[in-house]
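Analysis of the macromolecular model
Letter by letter, the chains look like this.
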Amino acid sequence: GYCVFYDECGRNPLLNNTLVCPMFDQGENSTYACCTIKQLASLEKSLTLSKAVLVRCPSCAYNFAHLHCINTCSPNQSQTVKVTKVLNVTELNRTREAVVGYQAFIGKTFADTSFQSCKNVRIPATIGGYAIATMCGRYGAKLCTPQRWYDFQGDSSNGLAPLDIDFKIIQEGDTTGVPEGVVPYDGVALMCNETTPTGGDVCSCQDCQESCPSVLPPPPVAGHFTLLGTDGYLVISIILLILLILSFVLYLSVSCLVASHKNKKKGIHRGKGKDKDSDKVTEKIIHPSEVTCAETNSLAAQAFLSSQFRIWGTIIASYPLTVLLLSLIVVAVFSVGLKDIKLTTDPVELWSAPNSRARQEKEFHDTYFDPFYRTNQVILTAPGRKGHIYDSLLFGPQNFSGIMSKELIIELLELQTRIQNIEFWSDDLNRTASLKDVCFAPLNPNNPSQTDCAVNSLPQYFQNSLDNINAKVYMTHSPLSFKDITDLGMSCMADYGAPVFPFLAVGGYENDAFSSAEAFILTFSLNNYARSDPKFKVAMQWEKEFLKIVQEYQKDPKNSFTFAYMAERSLEDEINRTTAEDIPIFMISYAVIFVYIAVALGEYSSWKRLLVDSKFLVGLGGILVVACSVLASMGFYSWIGIPSSLVILQVVPFLVLAVGADNIFIFVLEYQRDVRRPHETREEQIGRVLGNVAPSMLLCSLSESVCFFLGALSTMPAVKSFALYAALAVLMDFVLQMTAFVALLSLDARRQDNNRCELLCCIKVSKQRPKKPNKGFLMPFMKKYYAPVLLHRYTRIIVIVVFIFMFCGALFLMMNVKVGLDQELAMPQGSYMLTYFQYLNKYFEVGVPVYFVTKKGFNFTSVDGMNAVCSSVGCDQFSLTQKIQSYVAIPANSWVDDFIDWLNPQSKCCRLYTSGPNAGHFCPANESSRFMAYHTPLTNSQEFTAALKMARELADEITVGMRSVPGTSPDFEVFPYTYVITYVFYEQYLTIVNEGLFNISLCLLPTFVVCCLLLGLDLRSGLLNLLTIVMIVVDTVGVMTLWSIDFNAVALINLVTAVGISVEFVSHMTRSFALSIKPTRVERAIEATAKMGSAVFAGVAMTNLPGIIVLAFAKAQLIQIFFFRLNLVITLLGMAHGLIFLPVVLSYFGTYIIFLWVLYV
């Protein structure tokens, strides 16, 4: 062969500022080359840009240069190159013939191997983009082939090639179209996992799949727990069901045998007697000698408490006005703190403990880096427009969706421009503010103009220029190209200087088929200022104007889009809005409860005494006592600096009302059913009645208060503050009931004794009060019908079996309850955010961005340190970025890789400070650094939680690997951090199950201890009390699974509340049974059910149910699910266990304490 062209002879007249002759650096002392030294130097410069993006893979860069070396400088140039176009070029008054086009013939094996070595090389700065995408023109990485790759290299219109080269890839043995004397070049091309002759290492795993090390497959994901080939929890539940039923049957059998034996031995008849209500009983009567010391202590404790409360009640009833005044003063003093009340609405402050891992990581990130930017977004679709198929000569049939039209792109640009031009007066800046005052401007953060603001959208591919759009609308398969490879020659970069990633511009496409996208995505990013920063208010004000414009645009009938939108402030705005809108619902709920209490407390012996015997003012007083206890609690904690929350405002009054109403009913009904003894004053009667019921009220209130105080040990701020507020409110409610309400009842009793009408105290009625106590309707009904039927011999067996089945079924369901809280549930029905969440889940191709942040203690300046982080050639195969790549949707953006590329001798760039006191100096990264990637799309809280768990496991694995690098601090750490509150909010679900078990266990503990202590160490009653409450909680969680109620912090608060309400259903009944003096367990269960069960039903169940049902009409889904559904379940299950299961259990296993004591005395 021979040289076809040689040396440089000027500039190509067909191009601007491009050298004519292609050049190649063959190295020193090269022999036989069709190049001059000047040509080689120029070739080296010409290849710089291409090699800069390929140098991460030395074999790729070598292959790339190899072909141009052969074409330009091979001594056998004539065998592979055929000149097709020459021109006369005059330079320095000398005219010479110059080559401006030629054909190059390449063997297919060489071409394919070269292409394969380069096709997976990445550009880290583009967050995982492929280098080949910038070198294949309009085809991008996906549609690029060896022929298209070489066609781009030989296209002088791309701004890179100095002349036109027509590359011909020839199949081995095929001579068709090959000129005579030409031999297609088929030299040895290197594979990406081979070293280069010049000593270059094999390419990294990230750029070359063949270089990836063989790793053990991950352990199989733990499947669902199974036993005997089926669901393990179901098997355990069935076994437990069988064991419990068999144990119960065995207990019945043994009890009958033992009782029969003792009766025969003592000559006691058994099983055929009747009590005074003519109920058949089969229980034995215990001899006084069986009374134990513990049983003696029990009655002594009851006698002591009753006597003390009797004295207290008599004193309070004797001075009602003084007591009411003092109570009012105390409440007023506590309530003064309300002036300093602070409502926490920030989700971070509500659900994440200050010392939690996520909070600490967030504070670290925000300290060393700016807080994550604020996102304001519009997702637009055009569902009514038909798409079309375009049969492209280059790409083949292409599906263009209806939204991909010039008219809609221009309309999107108009909306974008309108938003960008937002201006408003800012009091904080004392001037007109605009987007540039608050926008995120990554390339010019100190003094940004409007075009520096990071706005991501499809029009950014045209630099937001209407002229560019009008010039020619087309679709490119390489949106990350440096330059548009068409006759337009436009840039593909956004106007703020960065590339626009396709997944931030369009959505609803598959496999990078951008032309089939179903949605436009328009995103405005703002700086996320601290709430104390004046610019925070400016950003909030800009977002308010943004929402106003978008909402106006949505109402415009001329707009062509159907769309969803959100601002960073939207979540908080919508939560606050729905809370305000649902306040009337809560007010109606409380009003319904008040009306019920006022009506249900009345005696109603005759129409003439209707206004005398009514208890409207007593009911109002009871409601005011509840309100005052809540105000006192809120005022006290506000005074000492513990913030409140909307959950507290909604739940605590409801809880205290349930507890307080029960105590009110028990006290008032006991007074109405009581007959004043001879020579006993009204005040003494009230004191005696209070002595009878106050220990039971103390038992419940103290159990609940201690329960909530222990609940304050929770690490969740919302649960902790709720527990503190609820504990003090319940305690204050009991204190006010023992003082103010007793005084109020004393005044009302005085009025009723004087036959004065309520509200119209000056009017008296002539009809006297009946001397027979008014037992109402409920107590006689339960005594005569309900209790005997419930406690019938066969009914009791059925009840035990049914509730055992319910408990075991609930245990199985409890193991399948979902954990989490989707953002959608926090939004009211009809909220624009619900539509946004639907669009987000449907159209977004990636999930939230995630940073892997390195803390202090790692030396990035050492070779080992850089190798442990980077992903390019020579880096550790298990480096930080290599590991991240295998887990996330978009590989990590690594500044270390960029820095290594910049240090390439071909580049003049360095990592330097661009401003500030260190301007021009090297920017070290010894303190902290971060590497950005993206999660896969996440649609619900379970997926977010799993992503957090996986990201932490990955970060921990990376930490272990990087700590092994010499010179690394032993406390060095890598942690994941993502969008604003994502990890901070979802972190709670990693531990909420354990947190819930801990909190509920702490609440159950005092119910047992207090019950035992106040009943004089009555362990049996305490255990039965505890058992019933546990069953209520377990059954509640089981029903949560059936009714699609997820377990989360809000549910946990309600379950803690359930323990408190369950105490009301259970403890009163347990104590009433323990104090009964009936001769048998069955009779005592009947008496407790009739006497106390009626009060509990009227005071707890019927107080809660009307108010709960009203909540079904609330707009907020959170209230409908966690306040209506869950509280309805809690109330119904509490009523079922307290009024059905507990009396039956007591009739089998209850204590004999008081009856034995009576016999003994």
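All residue numbers refer to position in the chain's written sequence, counted from 1. Owing to the predicted nature of the model, reporting of local features is limited to residues with pLDDT of at least 70; listing and counting of side-chain atom pairs is limited to 80 or more, with chain, interface and lining totals taken over all residues. Excluding hydrogens and water, the side-chain figures rest on all heavy atoms present in the structure.

**Some words on the packing of aromatic side chains**
Only Phe, Tyr and Trp rings take part, Trp by its six-membered ring, and two of them pair if their centres are within 6.5 Å. Stacked means planes under 30 degrees apart, edge-to-face means over 60, and tilted covers everything else. Enumeration over the complete set of coordinates arrives at 43 aromatic pairs. Only lysine NZ and arginine CZ atoms are considered, and such an atom sits over a ring when it is within 6 Å of the ring centre and within 35 degrees of the ring normal. It is arginine 796 that lies over the ring of tyrosine 1148; its NZ or CZ is 4.5 Å from the centre. Above the ring of phenylalanine 1073, the side-chain terminus of arginine 1084 is found at 4.4 Å from the ring centroid.

**Considering the pairing of strand 18 (residues 519–526)**
Counted residue by residue, strand 18 has 8 buried out of 8 residues, so it is predominantly covered. A 1.4 Å probe rolled over the protein chains alone gives each residue an accessible area, and that area as a share of the maximum for its type sets the label: buried under 20%, exposed over 50%, partly exposed in between. Helix and strand labels come from DSSP, where a helix needs a run of H or I of at least four residues and a strand needs a run of E of at least two; each type is numbered from the N terminus. The alternating pattern of strand 18 places Ala519, Ile521, Thr523 and Ser525 and Phe520, Leu522, Phe524 and Leu526 on opposite faces, both of which are buried. Strand pairing is assigned whenever DSSP detects at least two bridges linking the two strands. Summarising the sheet, strand 16 (residues 455–456) and strand 18 pair through 2 bridges and their orientation is antiparallel. Each bridged residue has a counterpart across the sheet, and for asparagine 456 the counterpart in strand 18 is threonine 523. As paired elements, strand 17 (residues 506–507) and strand 18 share 2 bridges and run antiparallel to each other. For valine 506, the partnering residue across the bridge sits in strand 18 and is phenylalanine 520.

**Here we look at the sheet that holds strand 1 (residues 81–91)**
Consider a sheet: its strands pair through backbone hydrogen bonds, and that pairing is either parallel or antiparallel. Strand order across the open sheet formed by 3 strands is 1-2-5, with mixed pairing between neighbours. Edge positions in the sheet fall to strand 1 and strand 5 (164–170), since each of these pairs with one other strand and no more. With direction set aside, neighbouring strand axes in the sheet form an average angle of 20 degrees. Relative to strand 5, strand 2 (residues 94–107) is paired through 7 bridges, and the arrangement is parallel. Pairing of glycine 101 across the sheet is with aspartate 164, part of strand 5. We call two residues in contact when some of their heavy atoms are within 4.5 Å. Note on geometry: axes are lines fitted to C-alpha atoms, helical ones only across the stretch in contact, with angles between N-to-C directions running from 0 to 180 degrees. Contacts from helix 5 (residues 108–118) reach strand 2 and strand 5 within the one sheet, and its direction differs from that of strand 2 by about 90 degrees.

**What about the nonpolar core?**
The tendency in soluble globular proteins is for nonpolar side chains to be buried as a group. If you look at the biggest cluster of nonpolar residues, it comprises 249 residues, and the most contacted ones within it are Ile419, Phe520, Trp542, Phe546, Phe667, Phe722 and Phe1122. For this core, the element with the highest residue contribution is helix 20 (residues 717–753), accounting for 20 residues. The set of buried Ala, Val, Leu, Ile, Met, Phe, Trp, Tyr and Cys residues whose side-chain atoms join them within 4.5 Å is what this entry labels a nonpolar core. Ranked by size, the runner-up nonpolar core spans 40 residues in total, among them Leu67, Phe110, Phe167 and Tyr185.

**Observations concerning the state of the cysteines**
Criterion for a disulfide: a pair of cysteine sulfur atoms at a distance within 2.5 Å. The full count for this structure, using the stated rule, is 7 disulfides. Between the sulfur of cysteine 870 and that of cysteine 875 lies a disulfide, 1.7 Å long from S to S. One quick way to see it: the torsion about the S-S bond of cysteine 870 and cysteine 875 is about -115 degrees, and its sign makes the bridge left-handed. Assessed through its relative accessible area of 11%, cysteine 875 is described here as buried.

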